[in-house]
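Understanding the architecture of this molecule
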Amino acid sequence: MPPAIQVQDVTKRFGSFTAVDRVDLQIEQGEVFGFLGHNGAGKSTMINMLLDHIRPTAGDLEVFGADCQTDSVEAREHMGVLPDGYGVYSGLTGRQHLQFAMESKGVDGEPLNLLDRVGITEAADRAAEGYSKGMTQRMVFAMALVGEPDLLILDEPTSGLDPAGARSMREIILEENKRGATVFFSSHILEQIEAVADRVGIMHQGQLAAVDTIGGLRDMAGGETRLLIATDKLEDTHINAVEALDEVDKAGLTDEGRLAVTCAKGAKMDVLLALDERGVEVLDLTTEEASLEDLFVEYTRRSE
Ligand SMILES: Nc1ncnc2c1ncn2[C@@H]1O[C@H](COP(=O)(O)OP(=O)(O)OP(=O)(O)O)[C@@H](O)[C@H]1O
């Protein structure tokens with residue numbers, strides 16, 4: 001079984017500027033893969049090479065075993081694509097856009113079913129150029145779903161969507177994955193990726209800074225955790241004592257007067273004991289795992 005996406009040593013230069021720098025990436029069939037990076041990190045450039053809209057300066061890209069450049073027609077047959085910034089056809093309704101997508105893929109079906117799935121049935125017979133940004137995004141997503149593609153390539157799929165729209169998009173992504181589709185989607189909205197992705201790749205300045213599961217990234221980032229502790233009393237000596245513990249990175253007071261401690265995951269008990277020994281009673285304790293946002297900042301900082 002070939003991988004859904006195989007990228008080997010790919011570089012893309014625009015003049016003297018390197019937009020993608022020696023990237024290797026393999027995505028297995030059935031994965032939901034989140035492609036994360038700041039503006040300008042190289043995400044769309046990678047996607048455009050998969051679609052053969054631009055050619056790599058060096059390296060190879062394959063989709064389901066088909067070379068994206070020399071065998072681009074076959075590669076494209078596997079894909080349903082939601083591009084970044086789709087230009088609608090003037091004068092065509094939403095329904096006609098779907099009909100057009102079906103004809104180009106040689107697929108029979110009822111456009112309304114897909115428009116219904118993305119929640120814009122009522123606008124089906126209005127000209128799409130009058131759609132709002134979110135409605136256009138939903139329509140283009142419906143076009144990507146035509147023909148149950150093996151691979152969904154979604155470039156910033158939630159851009160322009162309200163929170164309900166973003167949630168429904170995530171639900172559809174998971175449904176598509178359940179029926180067997182591999183999903184590759186780019187975003188700089190971390191929670192979107194955290195909510196659905198099996199694995200995450202972090203692009204930074206054209207390079208793939210890290211690829212792993214969210215759990216794996218957390219472990220690699222040191223497995224730190226943040227404790228928020230409400231106590232009956234708290235003096236500087238208590239805070240200093242906690243901060244002096246081996247596996248504690250920092251300890252300080254929050255605006256609400258709680259003790260905030262960043263420490264290794266296993267150090268929680270040491271912190272509580274240190275407080276107990278000094279007669280400080282713990283009234284409440286919450287633990288926060290590092291968010292994907294923290295990991296992202298950590299990785300991009302490290303690869304600079
Ligand atoms: N055709 C082009 N000519 C010159 N430079 C380009 C071209 N296309 C992209 N770039 C540059 O390559 C870099 C990567 O751009 P890319 O669009 O891939 O980023 P991105 O990660 O998709 O960003 P965003 O999140 O803003 O969409 C940017 O610095 C961009 O200016």
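An unreviewed UniProt entry annotates the chain as ABC transporter domain-containing protein of Halorubrum tropicale. Per its UniProt entry, the chain bears the Sequence similarities (unreviewed entry) comment "Belongs to the ABC transporter superfamily."

**As for the site of the ligand**
The immediate surroundings of the ligand are formed by 14 residues, with Gly40, Gly42, Lys43, Ser44 and Thr45 found nearest. Backbone polar atom of Gly42 to an oxygen atom of the ligand: 2.9 Å apart, as the coordinates give it. Notes on the ligand: free accessible area 630 Å², of which the protein chains cover 61%. At the level of elements, strand E2 (17-27) and helix H1 (43-50) are the ones that each hand at least two residues to the shell around the ligand. Here the shell around the ligand gets 3 residues from one element, more than from any other, and that element is H1. Along the lines of polarity and charge, the residues of the shell around the ligand split into 4 nonpolar, 7 polar and 3 charged.

**A short note on the packing of aromatic side chains**
With the rule as written, the count across this model stands at 3 aromatic pairs. Summarising the aromatic geometry, the rings of Phe33 and Phe184 are spaced 5.8 Å apart at their centres and angled 5° between planes, so their arrangement reads as stacked. Of this pair, Phe33 sits in strand E3 (residues 32-36) while Phe184 sits in strand E8 (residues 182-187); the two residues are 151 residues apart in sequence, bridging distant segments of the chain. Grouping residues by exposure puts Phe33 and Phe184 together as buried. Aromatic side chains Phe35 and Phe184 sit 5.0 Å apart centroid to centroid with 40° between the ring planes, which places their arrangement in the tilted category. With a gap of 149 residues between them, Phe35 in strand E3 and Phe184 in strand E8 connect regions that are remote in the sequence. We note that Phe35, like Phe184, is buried. A connected cluster of aromatic rings, assembled from ring pairs, spans Phe33, Phe35 and Phe184.

Thresholds, definitions, all that
- Residues numbered from 1 in each chain as written.
- Predicted model: local features only at pLDDT ≥ 70, side-chain atom pairs only at ≥ 80, totals over all residues.
- Heavy atoms only, no water.
- UniProt positions renumbered as here; feature names shortened; annotations may be inferred.
- Near = heavy atom within 4 Å.
- Polar contact = N/O pair within 3.5 Å; in protein donor to acceptor, adjacent residues only side chain to side chain.
- Areas by Shrake-Rupley, 256 points an atom, 1.4 Å probe, with all protein chains shown as cover.
- Helix = DSSP H or I, 4+ residues; strand = E, 2+ residues; numbered from the N terminus.
- Nonpolar A, V, L, I, M, F, W, Y, C, P; charged D, E, K, R; others polar.
- Phe/Tyr/Trp six-rings, centres within 6.5 Å; stacked < 30°, edge-to-face > 60°.
- Buried < 20%, exposed > 50% of the residue type's maximum accessible area, 1.4 Å probe, protein only.

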